[in-house]
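# Descriptive analysis of the structure
Below are the chains, spelled out letter by letter.
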Amino acid sequence: MRMQDRSGDSTDNTISVVPLAGMTAGPRFYFLVIRSETSSILPLKEDGELLIGRASESDVRIPDQSASRQHARILLSKGTVTVVDLGSRNRTWVNGEPIPQGQKRTLASGDVVTIGSLTLVLHRTGVMRNTPQTLAPMVLEMGDSATLLADPAMVRLYELLRRLARSTLPILITGETGTGKENAAQAVHHFSARSAGPLVCINCAAVPDNLFESELFGHVRGAFSGATGDKLGRLESASGGTVFLDEIGELPLAAQAKILRVLETGMLSPLGSLRERKIDCRLVTATNRDLELEVKAGRFREDLFFRLAAATVTLPPLRERPAEIPLLAERFLSLACRKLGRASLAIADKTKSLLGLHSFPGNVRELRNLMDYCAATATEDAIQPWHLPPRFAAMVTPSGLVPGSFAPTSSPIVAHSAVSAMTSSPESPTFRNIAVEVEELEQRRMREALEATGGNQKRAAQLIGMPLRTFVAKLKQYGLRDK
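Described in the following lines is the structure provided in the data block.

## Observations regarding the packing of helix α1 (residues 152–165) against helix α2 (residues 181–191)
Their axes nearest at 8 Å, the elements α1 and α2 cross at an angle of 45°. Our classification of the angle between α1 and α2 gives oblique. At the point where α1 passes α2, the crossing takes the right-handed sense. Residues Tyr158, Leu161, Arg162 and Ala165 of α1 lie in contact with α2, whose contacting residues are Asn183, Ala184, Ala187, Val188 and Phe191. Across the contact of α1 with α2, the residue classes tally to seven nonpolar, one polar and one charged.

Shown next, in the form of structure tokens:
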């Protein structure tokens, strides 16, 4: 977020945040900050306070008249987050209800604080909220696709995307893999004046480095060996519409320079051509990387980052949206059954409880893959715990459900055996399909390699000696990437 100089009042309408001193590497709490043109993450330290208001000394400054000079204060103490109204004119709202002037309210993970034009959604990392807000689910129709929204933060983010769609700003969508960044890009296109034009989606991680310029900008005959004719680039083919560059952090530096020129001039040169062409497309990008860190490491151009991040929207992970998990599961299962031509299946309550305990590192993509698997393999009218892959077996004990870790898929027969084995004598050995264990190791090593390389798929594949094409395919298979 743009840093505000405390020495005086700002003259623009940007809601600004002053970084907190004494921040730990792994904050327990953070705010998803939603404002007029962007959303972002504000980590919170364990103890301290934040002043919110119009005053220049505010830690979170709202420059418009919707907020009082000293509107509210956030207090942080030993794992407790409290919001205190400071006698504001337009009140401080928590979950749609106003706090009495001068009063305070203790916040739980998932609570939504509204102060003027600012929305703050509190999240606790690694912990699901105990009392999720009730919200009637809504299905947002977007042409041939639809997005289900049942979380207050996601509803507000899509309201933000609707507003941004009317502008001409480039939009950067950030979030973990599988959080729905492509759906967000589709929303921008759908709500924009360009909705009648094409939406061209390009996965930067799936295009070989030596073909990037030709793929994005096109080429003329003779530009390189094998270029037997002119080729229209993907950017130019999106004329009158929107281009969505997924995994923009994978873009080579040479291509970054060309993208920057396109943004600045609205012109491009096909590979091998000396003549520039005018193009007319809106650019939306997405990444699961921290591009500011990539800039510092010299892997991403700073000038391009500032152009792309004019409006940034950060999507929260699925584990922070627990109200959506059972609803999305039912929707994905229904769609999967329809594709297979089989009768609709229900999801048993115990199965929904298991899904709620899982952290879903692959987020929405992982949940969709899981429901596709269940629709293809389940032999009963409802999805029972033993229909789930073996990775769920560790979450079941004789006394009930306990949190557990996730690993790859396999047969429901093996899963049922693994669940049964946990109720037997501790001295009894538990046998599992060796292919399942190999898949578990493979997924774990892939995830570790991605973490070690900061999400760079090419280097991660090299670390574990796997061909890049195979690595990318298995990311999709295991639900570890955003589509």
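## So, the environment of Leu50
Relative to the elements of secondary structure, Leu50 occurs in strand β4 (residues 48–53). For the pair Leu50 and Ala72, spaced 22 residues apart in the sequence, the C-alpha separation amounts to 8.4 Å.

## Some remarks on the sheet that holds strand β8 (residues 92–94)
Sheets are built from strands paired through backbone hydrogen bonds, the pairs being either parallel or antiparallel. Taken in spatial order, the six strands line up as β3-β2-β12-β11-β8-β9 in an open sheet, and their pairing is antiparallel. Taken across any chain shown, the strands that pair with only one partner, and hence form the sheet edges, are β3 (39–44) and β9 (97–99). Sheet twist, expressed as the average angle between the axes of neighbouring strands with direction ignored, equals 30°. Pairing analysis gives six bridges linking strand β2 (residues 29–34) to strand β12 (residues 118–124), with the strands arranged antiparallel. By the bridge assignment, Leu32 is partnered in β12 with Val121. Its contacts with the sheet place α1 against β2, β3, β11 (112–115) and β12, and it is angled at close to 30° to β2.

## Let's talk about the packing of helix α8 (residues 324–340) against helix α10 (residues 363–377)
Packed helices, taken two at a time, are described by the angle their axes make and the gap between the axes. It is at 8 Å that the axes of α8 and α10 come closest, and there the two elements cross at 45°. Comparing their axes, α10 and α8 come out oblique. The two elements α8 and α10 cross, and the hand of that crossing is right-handed. For the pair α8 and α10, the contacting residues are Ile325, Leu328, Ala329, Phe332, Leu333, Leu335, Ala336, Cys337 and Leu340 in the first and Val364, Leu367, Arg368, Met371, Asp372, Ala375 and Ala376 in the second. Residue composition of the contact of α8 with α10, grouped by class: 14 nonpolar, no polar and two charged.

## Observations concerning the nonpolar core
By size, the foremost hydrophobic cluster in this structure holds 29 residues, and its most contacted members are Leu157, Tyr158, Ile171, Ile173 and Val313. Looking at this core, the elements that each hand over two or more residues are β2, β13 (138–142), α1, β15 (171–174), α2, β22 (282–287) and β23 (311–314). The element best represented in this core is α1, accounting for nine residues. Not counting residues up to four positions away in its chain, the partners in contact with Leu157 are Leu32, Ile34, Ser39, Val313, Thr314, Leu315 and Pro316. In terms of nonpolar packing, the next biggest core, distinct from the first, is built from 28 residues, Leu245, Leu260, Val262 and Leu268 among them.

## Details of the sheet that holds β15
Spatial strand order, β16-β19-β22-β15-β23: five strands in an open sheet with parallel pairing. A strand with exactly one partner marks an edge of an open sheet, and here the two such strands are β16 (199–203) and β23. Averaged over all adjacent pairs, the angle separating strand axes in this sheet is 20°, with direction ignored. Pairing geometry for β15 and β22, over four bridges, is parallel. What sits directly across from Leu172, in β22, is Thr285.

## Some details on helix α14 (residues 468–477)
The complete set of buried residues in α14 reads Phe471, Val472, Lys474 and Leu475. On an axial view of α14, the arc spanned by its buried residues comes to 165°, and they lie on one face. Just beyond α14, the residue with positive phi is Gly479, at close to 70°.

About the cut-offs
Residues numbered from 1 in each chain as written. Predicted model: local features only at pLDDT ≥ 70, side-chain atom pairs only at ≥ 80, totals over all residues. Heavy atoms only, no water. Axes fitted to C-alpha atoms, helices over the stretch in contact; angles between N-to-C directions. Helix = DSSP H or I, 4+ residues; strand = E, 2+ residues; numbered from the N terminus. Parallel < 35°, antiparallel > 145°, perpendicular 65-115°, else oblique. Left-handed = near helix turned anticlockwise from the far one by under 90°. Contact = heavy atoms within 4.5 Å. Nonpolar A, V, L, I, M, F, W, Y, C, P; charged D, E, K, R; others polar. Pairing = 2+ DSSP bridges. Core = buried A, V, L, I, M, F, W, Y, C linked by side-chain atoms within 4.5 Å. Buried < 20%, exposed > 50% of the residue type's maximum accessible area, 1.4 Å probe, protein only. Arc of directions from axis to C-beta.

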